[in-house]
Number of protein chains: 2
Amino acid sequence: MDDGRATTGARQSTLRATNLALVLRAVCADPGELSRAGVAAALGTARGTAARLVDELVAGGLLDEVERGPAARRGRPATPLAPGSRPAGLGMQVDAGLVAVRVLDLRGRTVAERLHEEDLRGSDPGTTLALLGRLGAEVLAGLPDGVRVVGAGLALPGLVDAGRGLLLRAPNLGWSRVRPAEVLAGLLPGAPVPVPGNEADLAARSVAEHAPGRPGPHRDFVYLSGQIGIGGAAVLAGRVMTGSSGWAGEIGHVCVDPAGPDCPCGSTGCLERYAGRLALLAAAGVPADAGPAELRSRAEAGDPGARRALDGAAWALGVALAGVVNVLDIPTVVLGGHLAELTALLRPRLEEHLARRVLSARWRRPEVAAGGTTPAAGATGAALRALDAVLEDPVRWLGGSPQPV
Amino acid sequence: MDDGRATTGARQSTLRATNLALVLRAVCADPGELSRAGVAAALGTARGTAARLVDELVAGGLLDEVERGPAARRGRPATPLAPGSRPAGLGMQVDAGLVAVRVLDLRGRTVAERLHEEDLRGSDPGTTLALLGRLGAEVLAGLPDGVRVVGAGLALPGLVDAGRGLLLRAPNLGWSRVRPAEVLAGLLPGAPVPVPGNEADLAARSVAEHAPGRPGPHRDFVYLSGQIGIGGAAVLAGRVMTGSSGWAGEIGHVCVDPAGPDCPCGSTGCLERYAGRLALLAAAGVPADAGPAELRSRAEAGDPGARRALDGAAWALGVALAGVVNVLDIPTVVLGGHLAELTALLRPRLEEHLARRVLSARWRRPEVAAGGTTPAAGATGAALRALDAVLEDPVRWLGGSPQPV
DNA sequence: CGTTTATGTTCTACCGGAGCACAAAAGCGG
DNA sequence: CCGCTTTTGTGCTCCGGTAGAACATAAACG
């Protein structure tokens, strides 16, 4: 997308902006642990400077001075700092099986949420988005006083043109060329228009950081989001790679076997045909409406059909992911969505396949981990992404006016 | 590798360092086109500030004031600036078929080079590196006065642990666990120890920028380096993705057909088995020592065996690259090495396969382009990487002492 | 040859961090 | 209970760096 390198000369205000961002980020990384002096130590700046920066952020509501516990060390007690509790991000998600709205504050806490489960395959975009808008409006209306929504995001299971706010195609919803903003704009009073994004990218972000600026357990990983289809994302140094148009991560359509079954996408032998939710359940002989939990209990009970289906999925995942790891050298795989609860069953075979097919496995063995099982991870990620605007450029949010993007 | 985000507070000297780097980079991007006033306009700084920064860089030898041509516009004529001609990078390369040494200056000009072709498969690392060292010493001895080598790199066709300066394994050389610095250290007087890197990564860099800081025709592309094996690299926003350990880009071992032939790497149906130099020539019935030029002329003459072999390679490349494009969303493929001269023959089929198997092809059709045919692109890339240290932090090179890394 | 126009230079003003001194708020020890 | 120690927070001056304007310079144009 961007070059990652500013081409504009740095002036002194840039310096201050940079340092404000660094202070905010340092506090976000260790909420409640840093004081003004701690910030100075962490950044290597003079105490006076750090104090001035902190004061400014506190005045703007981006940082809070929190109550201190019982004084442990001697010396004047520090005033612990935490990310402000007023700035919040609005995350929304539409998936084949649910609609979700979630509001996160700068500390990463869920301030409010609404989830609504419903089979939305083939649904009418206008109707579904209107439902989402109503849920969103309810959530916004119920927010505590003082909470300021600084941005909004919408996770969608398909190819999104973020620049134009356009969902190009979401196969499992049956949607094409939908512009969510047109429906949502009027329904969310006082909130910015949600920026659409790919569900898997955003879910991966919720794994990469648990709260704005607070790194999760993994910093480099390949994320697999098993919904009805299989989406994915590669995360490097805590950043989701979105590619040149934002369409990266379509791991579900990596070819596992060119002689394999046809895929609606036009290719053959796509991973989705082997490890997608429907394919997996069908191969195991589990009714489609039973879900992966049933598959799991059958496999744990020793059902041979279930085990065979899981082995097949592990094999297909192994072929596809080995390719990804060979190309990207990110030897950690996090399984999310319906694959998360199957991780224990898939891992042994999958790690075997990866060890065999990844060139560098001799020196660093690829590992498979389970992602969180919180529903609607995409909504969380969307809220986190919205809040990132604050971390990136705190100065914009210090002035009284909450300028939207 | 790193987080891409400094955690240290910015002080005023940081500001100056940033701006010096920006000035240098701006001049490198447009050598000979910018004056002091031009720099001020490009960076948006005051003219006085820009002039002061330029003066400092000129005094340090990082910028040169070059002769101006005939005055075109009216007004006081500008003094055009160009990257300094004294700082230089030393790039070296060992491949299965050649040893190369190349010195590039900050303007991207080849100051000196030595190439030596020889079949080095199964060669003794010590002997070959000693040969490389001798060539390097000759090149260094012949450098014009005033040229200062600021860094050195060594492109190697295998897995490199850059942190420890260790070549883990280079299958086509038959080398394992080689530490080039041990041999080279004493042989290159007055030059820093070459930092090893992967050949494909470095060759890709030479495509991404033609001179330090001067972007090449593509900013986002997947590079394929057809040597005996097939290496590769993904370049995003002009930056080569090296992965978490620097082992990214092993496209040659992406699985094209799990039921395909065994590969020495332990996997099956690797791309290399279909589109590697030896596999390709063998499939076409061309003698191994004849090379791709012979294959090309046969195919252009209509030889059915040659065409079949190329179609097979295009198919395999299509399957593997479609996977890469699906995952990374980098819809430009640059073919280098022996594949470069076969581009015209491979492109039609390859683009067809990509169009069919890439999910987003409907909205943006993947394209295939030919890389340069300059020999030893890895050496060029290694020299460019060495020079990057200057662009990243010019301040280090302004003081008289040429502190090595 | 004066005017016009753009470049390069010099000077002051302002901004922001560094560094120091000092006040404040706790624990520790008598 | 009181002074000492220790750490935090605050106020001050100094210094480095950019902004901006005024001025000098070097060409082309009429």
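Data block above holds the structure.
All values reported here derive from a predicted model rather than from experimental measurement.

**A few points about the sheet that holds strand S14 (residues 230-236) of chain A**
Within a sheet, adjacent strands bond to each other through the backbone by hydrogen bonds, running parallel or antiparallel. All names here are of chain A. Taken in spatial order, the five strands of this open sheet run S15-S14-S13-S16-S17, and their pairing is mixed. Across the chains shown, the open sheet's two edge strands, defined by having one partner strand only, are strand S15 (239-240) and strand S17 (367-370). Of the strand pairs in this sheet, S14 and S15 are connected by two bridges, and their pairing is antiparallel. Bridge pairing links Leu236 to Arg239 in S15.

**Some words on the protein's contact with DNA strand C**
The environment of DNA strand C is formed by 31 residues, the closest being Arg74 and Arg76 of chain A together with Gly48, Gly75 and Arg76 of chain B. Top element by residues in the surface near DNA strand C is helix H1 (residues 12-29) of chain A. It accounts for five residues. Among the residues forming the surface near DNA strand C, the class breakdown is seven nonpolar, 13 polar and eleven charged.

**So, unusual backbone geometry**
Residues other than glycine seldom take positive phi values, yet Ala237 of chain A does so here, at roughly 55°. Within the secondary structure, Ala237 of chain A sits in the loop between S14 and S15. Here the phi dihedral of Arg177 of chain B falls at roughly 45°; this positive angle occurs in a residue that is not glycine. In this structure Arg177 of chain B comes out as exposed when scored by C-beta crowding, with 10 C-beta atoms within 10 Å.

**Points about the interface of chain A and chain B**
Where interface size is quoted, it is often the accessible area lost as the parts come together. Tallying the contact residues gives 50 residues for chain A and 50 residues for chain B. Take the side of chain A that touches chain B: its biggest share by element is seven residues, from helix H10 (residues 304-328) of chain A.

**Description of helix H12 (residues 377-392) of chain B**
Since there are 3.6 residues in each turn of an α-helix, residues three or four apart along the chain are aligned in direction. Across its 16 residues, H12 of chain B extends 22 Å between first and last C-alpha, which sits within 8% of the 22 Å expected from 1.5 Å per residue. Burial analysis of H12 of chain B places 14 of its 16 residues in the buried class, which makes it a mostly covered element.

**Re the relation of the copies chain A and chain B**
Both copies of the chain are placed relative to one another by a rotation about an axis and a shift along it. Once turned by 180° and shifted 0.0 Å along the axis, chain A lies on chain B with an RMSD of 0.1 Å. Here the copies are linked by what is in effect a two-fold axis. When C-alpha distances to the rotation axis are compared across chain A, the minimum falls at Asp257 of chain A, with a value of 2.8 Å. When the interface residues of chain A are mapped onto chain B, 100% of them are again interface residues, pointing to one common binding face.

**Structural notes on the environment of Val183 of chain A**
Residues and elements named next belong to chain A. As for its position among the elements, Val183 is in helix H5 (residues 180-184). Val183 sits in the partly exposed class, given 17 other C-beta atoms within 10 Å. A C-alpha to C-alpha distance of 9.7 Å links Val183 and Thr128, two positions 55 residues apart in sequence. When neighbours within four sequence positions are excluded, Val183 is seen to be in contact with Gly126, Leu129, Ala130 and Gly133.

**Quick word on the protein's contact with DNA strand D**
Taken together, 31 residues are adjacent to DNA strand D, and Arg36, Gly48, Gly75 and Arg76 of chain A together with Arg74 of chain B come closest. Ranked by the residues each element gives to the surface near DNA strand D, the list is headed by helix H1 (residues 12-29) of chain B, at five residues. The residue inventory of the surface near DNA strand D, partitioned by class, reads seven nonpolar, 13 polar and eleven charged.

**Quick word on the pairing of strand S5 (residues 110-117) of chain B**
Residue and element names in this part refer to chain B. Sheet topology note: the strand S4 (residues 98-105)/S5 ladder contains seven bridges and is antiparallel. Counterpart to Val99 in the pairing with S5 is His116. The loop that links S4 with its antiparallel partner S5 comprises four residues; one of these, Gly108, has a positive phi angle of about 85°.

**Looking at the sheet that holds strand S5 (residues 110-117) of chain A**
All names here are of chain A. In space, the five strands of this open sheet follow the order S5-S4-S3-S6-S10, with mixed pairing throughout. Of all the strands in the sheet, just S5 and strand S10 (195-198) have a single pairing partner and so form its edges. For this sheet, the mean angle separating the axes of adjacent strands, direction not counted, is 20°. As paired elements, strand S3 (residues 87-94) and strand S4 (residues 98-105) share seven bridges and run antiparallel to each other. Looking at the pairing, Leu90 lines up with Val103 of S4. In this fold helix H6 (residues 199-208) packs onto S3, strand S6 (148-156) and S10, with an angle of close to 85° to the strand it touches most, S10. Seen against the sheet, helix H12 (residues 377-392) touches S3, S4, S6 and S10 and runs at an angle of roughly 145° to S3.

What counts, and at which threshold
Residues numbered from 1 in each chain as written. Chains lettered and ligands numbered in written order. Predicted model: local features only at pLDDT ≥ 70, side-chain atom pairs only at ≥ 80, totals over all residues. Pairing = 2+ DSSP bridges. Helix = DSSP H or I, 4+ residues; strand = E, 2+ residues; numbered from the N terminus. Near = placed C-beta within 6 Å. Nonpolar A, V, L, I, M, F, W, Y, C, P; charged D, E, K, R; others polar. Buried ≥ 20, exposed ≤ 12 C-beta atoms within 10 Å, placed from the backbone. Contact = placed C-beta atoms within 7 Å. Expected span 1.5 Å × (residues − 1). Least-squares fit on C-alpha atoms with pLDDT ≥ 70 in both. Axes fitted to C-alpha atoms, helices over the stretch in contact; angles between N-to-C directions.

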